[in-house]
Amino acid sequence: MSNINLSSEFFDTELLSRLPNLEVKARFLVAGFLAGLHKTPFRGSSVEFKEYRDYQPGDELKLIDWKAYARTDRLHVKLREEETNMTVNLLVDKSCSMDYKSRTASMTKWDYSRALVAAFLLFLHKQRDAASLGFVGRTLEELTRGGARASHYRRMMALLHRDADDSESHLANSLNSLLPAVEMRSMILVFSDFYEDPKALKAPLSHLRHLKCEVLLFHILDPMEISFDFDEPLLLQELESEDKMRLSPDLVRDDYNESIRRHIDDISSLCVARDCEYLLLDTTVSPIHALGKYISKRRFMQ
Amino acid sequence: MMLAFTGFMFGAIGLTVPVILHLIRRKPTEITKFPAFMFLRESVVAKHARNNFRKWIILLLRCLAFLLLSAAFAWPYLPNFAKIPKSATVLLWDNSFSMTSKSYFNEMKSSALKKISETDRSNPMLIGIIAGKTSWSPKFTGDSASLAEFLKKHLPGESGSRFDAALREADARLEEMPGKKKKIILFTDRQKLPWRDVVFTHPLSPGVGFEVLTPKKTGFDNIAITSMKPLSPFINAGEKIIFSIDVQNFSKKQFDAELKISANAKVVFHENIFLNPMEKKSLMFGFAPRKLAPFGLNAELVADDDISCDNFRFVSLNPEKLPEVAINGKSDGFDFVRLAYQTSGENKVAELVPFSEKNIENADFIIVREIPNTAERKRIEKIVENGGDALILWRDSPRMRNFLLHFGIKASVLPYQHLVRFETIDFDHPLFKRFRNVKIGGFFEIAFFSTPKLVMPANSTIIAEYSNGFPAIAVLRHKKGRLFIIASSLDRKSSNWTVHSSFLPFMRELLRFSTAAGKESSTFALGQIVDTSRRTRITDVKTGNSFSPAKPFSPARAGNYMLKNKSDRKMISVNVPIEESKNRLLPENFKTSQLISMRHSVMEKADMDSFSPEQGRTFWWIILLFAALVILSELLLANRTAL
């Protein structure tokens, strides 16, 4: 992975969609993310020595063991065992609405979310952060116990190999279900299209913040959902309820755009009000910077 | 409001129906999956009623756009009744040269100009100048100055006139006009001739009035040169050509006149003539052209008569070659057939050549008196098949019978030979037509002693028959040519015709009739079309003006004209039609009221043929503007949506 240089290919969602499996996608995203950083994202907070490794450009100079350099004439960096008890909870919306891909997008919202979640899991695993994974349906499903071991990581990756099949999802219920299990000062990452009344999210977000949890909401939408850029008259069918509707896009486009913009504003405002992080992700745009959002929040928590 | 092209409207409405059906029934059938229904529901449900209404508005706008475009193509217009003239008049002027009579020309012209001066915008007028063909002023107008100018430009005329075509065209032109009172005024001099082809049983259109204005004093005192022609062809330079000139007094008044004949502006002959009332005189004069080149003569009769343009006569002479006549056989005694064409060395009308293949080939006319050899016979047949003419004089022999049988003519000798004469002669046949007015001995006195029995084929014409009922003179059309057969050898043993006064004219007429077919005429009457090629230049001999003729070329004035081509020069003479010189008036009880229709006038609406945008105010641009506005509204409202 170290051979991968920063280039535009990491931002190519078309290329991401063509990668064969989730693990490769995750490594692709993480490699792309790391290649874009100018310094090591984390430093060990503990004083316990773990191991040496060769100096790499971007490593801080203060981490170089000058004594070892004097002995061996080679630059080595001291790695220390990091101490943390923070668990990152990743909640992924698995409703049918996530299984949507328009003609302009290269992957469904569900695939996009899974790739992003897998990247997070890999990244967290590399950083030895404890992570847990749960799916948002009518209620919170298959929530794993938090852990940083490799077996734990593999199990969560295996769980991601599934379809978005729930006819509907209730994020508020799922967050409420999470409350008893969530640890204080943990992080909650939610990946959803948020087709839910933002008011319903007020209470669970308040409770999570009360537990001093950091909440990051990743709002994943297809470009067609944002612009409603249809031309011809349509016979639309809803993915979850399979309701049908005949309409002329030109006649409803303005109203639709207004509604979705208001909805996005509402969620965003709610996040600001509850001191949560919010990021709107378009499935045609690479999710790498979602990782960045996480890093900045993680640093803040340190 | 009326429509100029109603067909477009109905066609467009017919087209609109399937388009409307298509627009109404156009609904999507393919299912598109979409997750964000929660935002659409509120929008669509809220707008449902409004959009439904909007859809119908859009449909209505589209239909309206169709209709407006169709209406624009249908060209609706509003007849501008405010501008409908009170009356419309067609002034017809008889421009025949009899109208130039000194006794009434000025009176008629003043009267016509007075009528013209009465025109204004509400009483427009159209002028038709009736000559060989009618010249029309550009359109109905109330501009009396331009009308007067048009009339003056065409006066006086030199040609003849016919009223029927002019009246019918004036009637058709009036029919196009929306005026309430329509009238044709004809200025003429009561001469009978122009009315000769008017069909009185066919009245003018309903509502069209007809008025004939004539001078107070009708009739005229006129003398004219009625004919001037050469009696011999122009073959050699310096050889005197005899011309015959006919002058006639058409009035009941005596006239002293001077006849002057000029060539190249020099008087070559003059004579004082006294003409009694209605007297006709024929004169002859000789003139020897110095060069063998086309030239023209003009005769002028200086007299104080009412009409001057028929006091001039023009004649043209173009060098000619004597026709070649191939003739075989000999006659018993005097060869009168040969003498008919060559009375003397100087006065011959044809070059007689003996039979030979070459001479037969070049000959203009062939006279067969003895059966030729096979080669000559075949050559004669070929020439006749290709359009040549030949005369066969019957002389009994088996070879002659075989020769005639070859053309389908069965000939045999009658058992009893009696004296026979002409029983019937077809004087309407062109060969005999000119003999009707000639007072030379009667054809029916001629005796024939030995005649055959000829049975002519169906495609032949019997021109004369003997008293025994058998053909005497016949013509057989053989492919492109003609074969004349005279059932007599025309020698003194078989007939006394050769010494009869009619023989020489007949033989010459036969030659003229046979050889004149391919000749181009060089004498024309005013109004006749002169055939000219593309590169012909014409020079008016009198004025010296040269011009390239229009096609078809019809000279406007009488005179001699030189036609020049790259390789050819020819003089033609154009004369006034002499029938106009006669003073023959309409009867006193002549009325034109039968030309006026008794039916009531009906103002018919304009149809495609007669529609003129000038007749009314059109709404084309207004409708197009509305159509554009409707289409724009539809685009704004529908925004590409079709449901």
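Note that residues are indexed from 1 along each chain, following the sequence as it is written. Numbering of ligands from 1 and lettering of chains from A proceed in the order in which they are written. Selection of residues for local features in this predicted model requires a pLDDT of at least 70, selection of side-chain atom pairs for listing and counting requires 80 or more, and totals for whole chains, interfaces and linings are taken over all residues. Each side-chain value is worked out from all heavy atoms of the structure, with water and hydrogens disregarded.

Colleague: I would appreciate a short explanation of the overall build of chain B in the present structure.
Modeller: Counting its secondary structure elements, chain B contains twelve helices and 31 strands. Sequence separation of at least 24 residues holds for 74% of the intrachain contacts in chain B that already meet a minimum separation of 6. For chain B, the exposed area adds up to about 33,700 Å²; of that, 55% sits on carbon and sulfur atoms. By the criteria applied, helices consist of DSSP H or I runs no shorter than four residues and strands consist of E runs no shorter than two, each listed in order from the N terminus. Note on contacts: a residue pair qualifies if any of its non-hydrogen atoms lie within 4.5 Å across the two residues. The Shrake-Rupley method, run with a 1.4 Å probe sphere, supplies the accessible areas, and residue values consider only the shown protein chains as cover.

Colleague: Just to check I follow, could you spell out unusual backbone geometry for this structure?
Modeller: As a rule of thumb, non-glycine residues mostly have phi less than zero, and peptide bonds are mostly trans rather than cis. Residues and elements named next belong to chain B. Going from Leu-155 to Pro-156, the amide bond is cis rather than trans, its omega being -10 degrees. Note on placement: Pro-156 falls in the loop between helix H4 (144–154) and helix H5 (164–176). With a phi angle near 50 degrees, Asn-264 is a residue other than glycine that sits in the positive phi range. Relative to the helices and strands, Asn-264 is located in the loop between strand S11 (255–263) and strand S12 (266–275). When its relative accessible area of 69% is taken as the criterion, Asn-264 is described as exposed. Residues other than glycine seldom take positive phi values, yet Met-278 does so here, at roughly 60 degrees. Relative accessibility under 20% of the residue-type maximum defines a buried residue, over 50% an exposed one, and the middle range a partly exposed one, all with a 1.4 Å probe and only protein chains included. We classify Met-278 as partly exposed; its relative accessible area is 47%.

Colleague: Can you walk me through the pairing of strand S30 (residues 569–575) of chain B in this structure?
Modeller: In regular strands, side chains alternate between the two faces of the sheet. Residue and element names in this part refer to chain B. Where burial is concerned, most of S30 is hidden: six out of the seven residues are buried. Only strands that DSSP links by at least two bridges are regarded as paired with each other. Two strands pair when backbone bridges link them, and strand S26 (residues 523–525) and S30 are joined in this way by three bridges, in the parallel orientation. In the sheet register, Phe-524 faces S30, and the bridge partner there is Val-574. Pairing between strand S29 (residues 559–564) and S30: six bridges, direction antiparallel. Bridged to Lys-564 within S30 is Arg-569. Following S29, the chain reverses through four residues before pairing antiparallel with S30.

Colleague: Before we go on, may I ask you to explain the confidence of the model for chain A in this structure?
Modeller: Detail in the predicted coordinates should be disregarded across regions flagged by low pLDDT. Here chain A shows a mean pLDDT of 78. Residues at 70 or above account for 79%. pLDDT: the predictor's confidence for each residue, scored from 0 to 100. Confidence over residues 1–7 of chain A falls short of pLDDT 50; this stretch has ten contacts with residues more than four positions distant or in other chains.

Colleague: Any chance you could explain the confidence of the model for chain B here in plain terms?
Modeller: All names here are of chain B. Within chain B, residue pLDDT values average 82, and 89% of them lie at 70 or more. Element-level pLDDT for chain B is lowest in strand S31 (residues 616–618), with a mean of 62, against a maximum mean of 93 in strand S23 (residues 460–466). Here residues 599–611 is a poorly scored stretch, pLDDT under 50, and it has 19 contacts once near neighbours within four places are set aside; other chains count.

Colleague: Hey, could you run me through the packing of helix H6 (residues 171–178) of chain A against helix H7 (residues 198–210) of chain A in this one?
Modeller: Helix packing geometry: the angle between the two helix axes and the distance between the axes. All names here are of chain A. Following both chains from N to C, one finds H6 and H7 inclined at 20 degrees, their axes separated by 8 Å at the closest point. Regarding the angle of H6 to H7, the classification is roughly parallel. For the pair H6 and H7, the crossing hand works out as left-handed. For the pair H6 and H7, the contacting residues are Leu-171, Ala-172, Leu-175 and Asn-176 in the first and Ala-200, Leu-201, Pro-204, Leu-205 and Leu-208 in the second. Only Asp, Glu, Lys and Arg are considered charged in this grouping, and only Ala, Val, Leu, Ile, Met, Phe, Trp, Tyr, Cys and Pro are considered nonpolar; every other residue, Gly among them, is considered polar. Looking at the contact of H6 with H7 residue by residue, the classes come out as eight nonpolar, one polar and no charged. A fitted line through C-alpha atoms represents every axis, and for helices the fit uses only the stretch in contact; the resulting angles, taken between N-to-C directions, go from 0 to 180 degrees. Oblique is the label for any angle not covered by the other classes, which are roughly parallel (under 35 degrees), roughly antiparallel (over 145) and roughly perpendicular (65 to 115). In a left-handed crossing the near helix is turned counterclockwise from the far helix by less than a right angle, and in a right-handed crossing that turn is clockwise.

Colleague: In this structure, what is going on with a positive patch on the surface? I would like to understand it.
Modeller: Like charges are joined within 9 Å and nonpolar side chains (Val, Leu, Ile, Met, Phe, Trp, Tyr) within 5 Å, but only among residues with over 30% relative accessible area and no salt bridge; these make up the patches. Should a side-chain nitrogen of Lys or Arg be within 4 Å of a carboxyl oxygen of Asp or Glu, the pair is scored as a salt bridge. In this count, Lys and Arg are taken as positive residues and Asp and Glu as negative ones, while His and the chain termini are left out. For the purpose of locating charges, the reference atoms are NZ of Lys, CZ of Arg, CG of Asp and CD of Glu. On the surface, B:Lys192, B:Lys280, B:Lys582 and B:Arg584 cluster together into a patch of positive charge. Turning to its location among the elements, B:Lys192 is positioned in the loop between strand S7 (181–187) and strand S8 (208–213).

Colleague: Where do I start with the pairing of S11(B) in this structure?
Modeller: All names here are of chain B. In terms of strand pairing, S11 meets S12 through nine bridges, oriented antiparallel. Across the sheet, the residue bridging to Glu-258 is Asn-272, located in S12. Hairpin connection, S11 to S12: the antiparallel pair is bridged by two residues, and Asn-264 has positive phi, about 50 degrees. Sheet topology places S11 next to strand S14 (residues 295–302); six bridges connect them, and they run antiparallel. In the strand pairing of S14, Glu-258 is matched with Val-302.

Colleague: Just checking my understanding: could you explain the packing of aromatic side chains for this structure?
Modeller: The geometry of an aromatic ring pair is captured by two quantities: the separation of the ring centres and the angle between the planes. Ring pairs are drawn from Phe, Tyr and Trp, using the six-membered ring of Trp, whenever the two centres fall within 6.5 Å, and their geometry is named by plane angle: stacked under 30 degrees, edge-to-face over 60, tilted for the rest. In total, this model carries 39 aromatic pairs over all chains according to the counting rule given. Measuring from ring centre to ring centre gives 5.4 Å for A:Phe228 and B:Phe34, while their planes differ by 75 degrees; the resulting arrangement is edge-to-face. Taken together, the residues span two chains, with A:Phe228 in the loop between helix H8 (223–227) and strand S8 (234–238) and B:Phe34 in strand S2 (residues 31–34). A relative accessible area of 0% means that A:Phe228 is categorised as buried. With relative accessibility at 0%, the residue B:Phe34 sits in the buried group. The interplanar angle of 80 degrees and the centroid separation of 6.0 Å between the aromatic rings of A:Tyr256 and B:Phe39 together place this pair among those described as edge-to-face.

Colleague: What exactly am I supposed to notice about helix H8 (residues 374–385) of chain B here?
Modeller: What sets the pattern is the α-helix's 3.6 residues per turn: residues three or four places apart point alike. All names here are of chain B. Given the number of residues in a helix, its expected span is that number minus one, multiplied by 1.5 Å. In this model H8 runs 16 Å from its N-terminal to its C-terminal C-alpha over twelve residues, within 8% of the 16 Å that 1.5 Å per residue would give. Among the residues making up H8, those that are buried are Glu-376, Ile-380, Glu-381, Ile-383 and Val-384. Down the axis of H8, the buried set is contained in an arc of 165 degrees. They therefore lie on one face. Pointing more than 90 degrees away from the buried face of H8 are the exposed residues Lys-378 and Lys-382. Of the surrounding secondary structure, the elements contacted by the buried residues of H8 are helix H7 (357–362), strand S18 (365–368), strand S19 (389–393), helix H9 (398–406), strand S24 (471–478) and strand S25 (481–486). Within 3.5 Å is the distance limit for a polar contact, defined as a pair of N or O atoms, with the added protein rule that one can donate a hydrogen and the other accept it, and that residues adjacent in sequence qualify only through two side-chain atoms. One side-chain oxygen of the residue at the start of H8 lies 3.3 Å from the amide nitrogen of Ala-375, identifying that residue as Asn-373. Just past H8, the residue Gly-387 takes up positive phi, approximately 115 degrees. Each direction from the helix axis to a C-beta atom contributes to the arc, which is the arc of those directions.

Colleague: So what exactly am I meant to see when it comes to the nonpolar core here?
Modeller: Soluble globular proteins tend to bury their nonpolar side chains together. Residues enter a nonpolar core if they are buried and are Ala, Val, Leu, Ile, Met, Phe, Trp, Tyr or Cys, with the set joined through side-chain atoms within 4.5 Å. Ranked by size, the top nonpolar core spans 64 residues in total, and within it B:Phe422, B:Ile473 and B:Trp497 carry the most contacts. Top contributing element to this core by residue count: helix H11 (residues 503–515) of chain B, with six residues. The residues contacting B:Trp497, other than those within four sequence positions of it, are B:Phe422, B:Phe443, B:Ile446, B:Ala447, B:Phe448, B:Ile473, B:Leu490, B:Ser502, B:Phe503 and B:Phe506. Counting residues in each nonpolar core, the second largest holds 44 residues, with A:Leu239, A:Cys271, A:Cys276 and B:Phe39 among its members.

Colleague: Is there a simple way to explain the sheet that holds S2(B) in this structure?
Modeller: Note on sheets: strands pair through backbone hydrogen bonds, and any given pair is parallel or antiparallel. Pairing within the open sheet is mixed, and its three strands lie in the order S9(A)-S8(A)-S2(B). Looking along the sheet, the strands with just one partner apiece sit at the ends: strand S9 (244–247) of chain A together with S2 of chain B. When the angles between neighbouring strand axes are averaged without regard to direction, this sheet yields 35 degrees. By the bridge criterion, four bridges tie S8(A) to S9(A) in an arrangement that is antiparallel.

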